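Notes for the structure review
Below, each chain spelled out in residue letters.
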Amino acid sequence: MSDTVTREADVARGGQGLARVAVVVRAGAAPLVRLGVLAAVIGAVPEGLTGRLVGAAAGAALFVAAAAVTALAHRSRYAALAAGATRAGRYDLLQDRAVTVRNWRRGHRWWLLLAFVVALGSAFALPVAGGLLLAGAGAGLRLKAGWLGRRERALDALLWVRVDWLDRRGGAPAGKAVRGLRSTGVAAGDATPGGARRRATASV
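This report concerns the structure included in the present document. Values in this document were obtained by computation on a predicted structure and should not be read as measured data.

Looking only at helices and strands, the protein chain has eight helices and five strands in total. Helices (α) and strands (β) of the protein chain occur, in sequence order from the N terminus, as α-β-α-α-α-α-β-β-α-α-α-β-β. Along the first, second and third principal axes, the C-alpha set of the protein chain runs to 60 × 45 × 35 Å. Relative to its full complement of 204 residues, the protein chain shows a buried share of 42%. For the protein chain, the share of sequence-separated contacts (at least 6 apart) that also reach a separation of at least 24 residues comes to 86%. Total accessible area on the protein chain is roughly 11,200 Å²; 63% of this is exposed by carbon and sulfur atoms. Charge-centre separation for the protein chain: the mean point of 29 positive side chains lies 6 Å from the mean point of 11 negative side chains.

Here we come to the pairing of strand β1 (residues 17-20). Bridge count for β1 against strand β3 (residues 93-94) is two bridges, and the pairing is parallel. The partner of Gly 17 across the bridge, within β3, is Leu 93. Bridge count for β1 against strand β4 (residues 158-162) is three bridges, and the pairing is antiparallel. Across the sheet, residue Arg 20 finds its bridge partner in β4, namely Trp 160.

The five strands lie next to each other as β2-β5-β4-β1-β3, forming an open sheet whose pairing is mixed. Two strands bound the open sheet, and with one partner strand each, they are β2 (86-87) and β3. Here β2 runs beside strand β5 (residues 182-184); their pairing, made up of two bridges, is parallel. Bridge pairing in β5 places Arg 87 opposite Ser 183.

Within β4, five of the five residues are buried, which leaves it mostly tucked inside the rest of the structure. Where β4 and β5 come together, three bridges link them in antiparallel fashion. Looking at β5, one finds that Leu 159 is bridged to Ser 183.

Calculation rules
Residues numbered from 1 in each chain as written. Predicted model: local features only at pLDDT ≥ 70, side-chain atom pairs only at ≥ 80, totals over all residues. Heavy atoms only, no water. Helix = DSSP H or I, 4+ residues; strand = E, 2+ residues; numbered from the N terminus. Buried < 20%, exposed > 50% of the residue type's maximum accessible area, 1.4 Å probe, protein only. Contact = heavy atoms within 4.5 Å. Areas by Shrake-Rupley, 256 points an atom, 1.4 Å probe, with all protein chains shown as cover. Lys, Arg positive; Asp, Glu negative; His and termini not counted. Charge placed at Lys NZ, Arg CZ, Asp CG, Glu CD. Pairing = 2+ DSSP bridges.

Here it is in structure tokens:
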């Protein structure tokens, strides 16, 4: 109860809810890779129109292409926002990593399901390929989060975005609505540079 009152008081003082940029980016990586691998495995069952060997070869190329495109997309926008990041205020509220991930995945659950169904359906034309394309997009998000993590280490600061500037599905941390980022020290929050879960350190 006291935590709730404190948070409400912080917002009343002008604080903003902040989500880690790298966590938002990374949130879709695991479900895309898992669904993609599952779709690829199931998609290896039908012969399709091209045969499994051609489908697997095409899928490998699509995996690499999707990973590269996803990892490189909007880098200049992220870099510009990172360069202009301002220090988070005293009353800003740092959103937990689990909450950020949950919001993204809830907001995108139907898109993920649709992508999985399409990847499965494509196997009847080109076996395996649709699943590997999906997995490649997930791998690209992981690479982008890693790139953001390296920038955060170089800046010696973590990058945050206002929650109310994210889109209605909890994504797009560098979208048109985002007018700037906030920064904190690298020890803030419960995620490391790059958005991975911070491991608890044993007390001595």
